[in-house]
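# Commentary on secondary and tertiary structure
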Amino acid sequence: DGDGAEVDVPYVYVWEQLKSIRQDLTVQRVRTPFTVAVYEWHARHCLDHSDWREFAQCQSVLLQLFEEGLGSEEGRMEFAAYSILYAVAMHQDAVAVTHRLRQLPAAVRGHPWVSHAISVREALTQGNYRAFFRLRARAPNRGRCLMDAA
């Protein structure tokens, strides 16, 4: 009605619409900044609703798009951090996660969002829940969503 009030659209409806757009982009082989924007938006929406399976699908495609040079530096860093937090939350193999972290360029590891995610992993690995909750309190972006799943 134009009054600026938020409309509570059910998650499933939005999920179906975004999934349909993603499918169209895939079928038509569209790989543009718009494609990145759709996947980023859907991934964030999945985080907000704890839809880990769909988040993982979005994240997987985003990593490919980023490798192709698409997307912003900010998006790359945000989703690099989510990748680490997702691995922690889903209790992925510690050796594999350590290997992936070592492959990250120093500039990525040093980014504040990625550095935060690495600190979260270290806190949990060491059983330092005090540090974990301190980190949770200042989690950037939607990092808290993944931390709550850990």
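Described below are features of the structure shown in this document.

So, how was this worked out
Residues numbered from 1 in each chain as written. Predicted model: local features only at pLDDT ≥ 70, side-chain atom pairs only at ≥ 80, totals over all residues. Heavy atoms only, no water. Helix = DSSP H or I, 4+ residues; strand = E, 2+ residues; numbered from the N terminus. Contact = heavy atoms within 4.5 Å. Expected span 1.5 Å × (residues − 1). Buried < 20%, exposed > 50% of the residue type's maximum accessible area, 1.4 Å probe, protein only. Core = buried A, V, L, I, M, F, W, Y, C linked by side-chain atoms within 4.5 Å. Disulfide = S-S within 2.5 Å.

### Things to note about the side chain of His 116
Tracing the backbone through its elements, the reader meets His 116 in helix α7 (residues 112–125). Among residues more than four places away in sequence, those in contact with His 116 are Leu 135, Arg 138, Ala 139, Pro 140 and Met 147.

### Points about helix α2 (residues 33–48)
Between the first and last C-alpha of α2 there are 23 Å, a value that for 16 residues agrees with the 22 Å anticipated at 1.5 Å per step. Listed as buried for α2 are Thr 35, Val 36, Val 38, Tyr 39, Glu 40, His 42, Ala 43, Arg 44, His 45, Cys 46 and Leu 47. Tucked into the core, α2 has its buried residues touching α1 (11–27), α3 (52–67), α4 (73–89) and α9 (143–149). A positive phi of about 55 degrees marks Ser 50, the residue just after α2.

### Describing the nonpolar core
Burial of nonpolar side chains together is a common tendency in soluble globular proteins. One finds Phe 55, Leu 62, Leu 65, Phe 79, Val 114, Leu 146 and Met 147 to be the most contacted residues of the largest nonpolar core, which totals 36 residues. Elements with a contribution of two residues or more to this core: α2, α3, α4, α5 (94–103), α7, α8 (129–137) and α9. It is α4 that provides the largest number of residues to this core, a total of nine residues. When residues no more than four places from it in sequence are discounted, the contact partners of Leu 146 are Leu 47, Trp 52, Tyr 82, Leu 85, Tyr 86 and Ala 89.

### Comments concerning the state of the cysteines
Put plainly, two cysteines are in a disulfide when a covalent bond ties their sulfur atoms together. Summed over the entire model, instances satisfying the criterion amount to zero disulfides. Unpaired in this structure, Cys 46 has its nearest cysteine sulfur neighbour in Cys 58, at a distance of 4.8 Å. Classification of Cys 58 as buried rests on a relative accessible area of 0%.

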